[in-house]
Amino acid sequence: MIADESVAEFISLAGTSDEEARGYLEMAGGNLQQAIGLFFEMGGSASSPALPAQRPSSPVDYNEDVAAEVRAAAVAAGIDAGPLGMQDEVMEEVRAPMPSYQDQIIDPEHEQRRMEEAMAADSAAMYQRMSFDRGHDPAGAAAGEQQDEQMGEGNAGKAINRLFAPPEYNEGASYYQTIEKAKAEGKWVLVNIQQAEVFASHTLNRDVWSDDTVKDVILGSFLFWQRDDKSTEGDQFCHYHQCGHQLPHICIIDPRTGRRVKNWDGRKWVESHAAAEYLLGFLDQFSMSRSPPPQSPVASPTHKPQALPDPSSIELQGLDEPMEVEGSNTREEQQVESDPLPVMPEEPAEDVEHLKVSIRLPSGQRITKRFRPDDPLEQMFVVAAALAEKPARLVDLSTQFPKRSLRDIEGGLTVPMKDAQVAGNMIMVNVRT
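In what follows, the accompanying structure is described. (Residues numbered from 1 in each chain as written. Predicted model: local features only at pLDDT ≥ 70, side-chain atom pairs only at ≥ 80, totals over all residues. Heavy atoms only, no water.)

Here's the deal with the side chain of Ser 201
Part 1: Mapped onto the elements of the fold, Ser 201 is located in helix α10 (residues 199-208).
Part 2: Of the polar contacts made by the side chain of Ser 201, one reaches the backbone nitrogen of Gln 195; its length is 3.0 Å.
Part 3: Contacts of Ser 201, omitting those with residues within four sequence positions, involve Met 130, Gln 194, Gln 195 and Pro 248. (Helix = DSSP H or I, 4+ residues; strand = E, 2+ residues; numbered from the N terminus. Polar contact = N/O pair within 3.5 Å; in protein donor to acceptor, adjacent residues only side chain to side chain. Contact = heavy atoms within 4.5 Å.)

A word on the sheet that holds strand β4 (residues 259-265)
Part 1: Across the sheet, four strands lie side by side as β2-β1-β3-β4; this open sheet has mixed pairing. Looking at the sheet topology across the chains shown, the edges are occupied by β2 (222-228) and β4. Sheet twist, expressed as the average angle between the axes of neighbouring strands with direction ignored, equals 20 degrees.
Part 2: Where strand β1 (residues 188-194) lies against strand β3 (residues 249-254), five bridges are found, and the strand directions are antiparallel. Residue pairing across strands places Val 191 opposite Cys 251, the latter belonging to β3.
Part 3: Sheet strands in contact with helix α11 (residues 212-221) are β1 and β2, and its direction is about 110 degrees off that of β2. (Pairing = 2+ DSSP bridges. Axes fitted to C-alpha atoms, helices over the stretch in contact; angles between N-to-C directions.)

Notes on the pairing of β4
Part 1: Both β3 and β4 contribute to a ladder of six bridges, which runs antiparallel. Across the sheet, residue Asp 254 finds its bridge partner in β4, namely Arg 259.

Some thoughts on the pairing of strand β7 (residues 395-399)
Each regular strand shows side chains that alternate between the opposite faces of the sheet.
Part 1: Of all the five residues making up β7, five are buried; the element is thus mostly covered by neighbouring parts of the structure.
Part 2: Alignment of β7 against strand β9 (residues 426-431), held across five bridges, turns out to be antiparallel. Of the residues in β9, the one forming a bridge with Leu 397 is Val 429.
Part 3: Bridge count between β7 and strand β8 (residues 404-405): two bridges; the pairing is antiparallel. Paired with Thr 399 across the strands is Arg 404, a residue of β8. (Buried < 20%, exposed > 50% of the residue type's maximum accessible area, 1.4 Å probe, protein only.)

A closer look at helix α13 (residues 272-285)
Part 1: If you check α13, its first and last C-alpha atoms are 20 Å apart, about what 14 residues at 1.5 Å a residue would give, namely 20 Å.
Part 2: Every buried residue belonging to α13 is among Ser 272, Ala 274, Ala 275, Ala 276, Leu 279, Leu 280, Phe 282 and Leu 283, and all of these are buried. (Expected span 1.5 Å × (residues − 1).)

Quick notes on unusual backbone geometry
Part 1: The phi dihedral of Glu 389 is positive, around 60 degrees, even though this residue is not glycine.
Part 2: Along the polypeptide, Glu 389 turns up in the loop between α15 (377-388) and β7.
Part 3: Since its relative accessible area comes to 58%, Glu 389 is described here as exposed.
Part 4: The phi dihedral of Gln 421 falls on the positive side, at around 55 degrees, and the residue is not glycine.
Part 5: Examined against the element boundaries, Gln 421 turns out to sit in the loop between β8 and β9.
Part 6: Judged by its relative accessible area of 62%, Gln 421 is exposed.

Next comes the structure, spelled out in structure tokens:
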């Protein structure tokens, strides 16, 4: 039974007849809201005066809400929309979409030049800060070189700058490029962060990095990277490794992992022989031929090394026929190939009188050998050549402190070992190429 109140309310909202209203209410089970929704879904139209009268028909279908939105968008775009309801005029004034195009946001060559110029300016500013006679003008190295030309060769300022100049083997490339180079060459990265206000930074350049023994050790096993704390890369390095409060700072970086393996307070490196011992002791403990240190991410349990392929599965091509190149070997190379490798001499027993000599190979390995006091100095060259697996004539030996070549020793290679003053000393092995 449909209530008369529901019928009356349906008629007031939909403007239908009594019979039609009852029909929709019966289909909706007496629910007025569902009946109204069903009426409009089935295309019913209201004719009741309670509903707003429709606007007269126009060439364009008019919708008040759409017109308001179009006008608001036109005003936001700076377009005069005209009177409300003139949608056709508004649509005519909307601009066409921008055409698509392709462009390059970053020019790699320009970016590379910009980085190189920034690094050059940073290096020039560091040169300015580390100089003694430049004042505090950060004009850069170009201004410094111009002043050098104006000053005579005997000028005291120029002489003191040469005395405390950074080593010539300092890497000028960026830190990232130095790491990649060290990784390719199988060397450690020796980092020195300087501070112009701390005189110990300058004494490192004068007394330590210029020492021949230290230089030989560094060139053999390290790449040297020196910056000051105010340079861009030096400041970044100090923040990352937290070394800004103890300058000068010296450390060794493993290029395979980027980790700092060893670090020292640079103020303790006051003597070159101590610095050499620090570096040689590090090379005794660590080697690039071995796996990275345990604290390195590469050596962690979560990073398993990749298995090497089976040698039997490797196929070599192009080796079936020997290839001969006329004149490919020089006379020097042929002589080296023909030189026999020396045989390791027998050491004296422990209970026999002897002297011990520590021999450091070019690889950084340190080996201690025993010699009879009356053995000629040439015996030690034979031992070093056998250890290095090179002909004896290509091997040079030198003492570390003081630095002197044993080939040039007074009396020649026939001098007895006891008179050559090599007992208990560190003997550096250098192989000529």
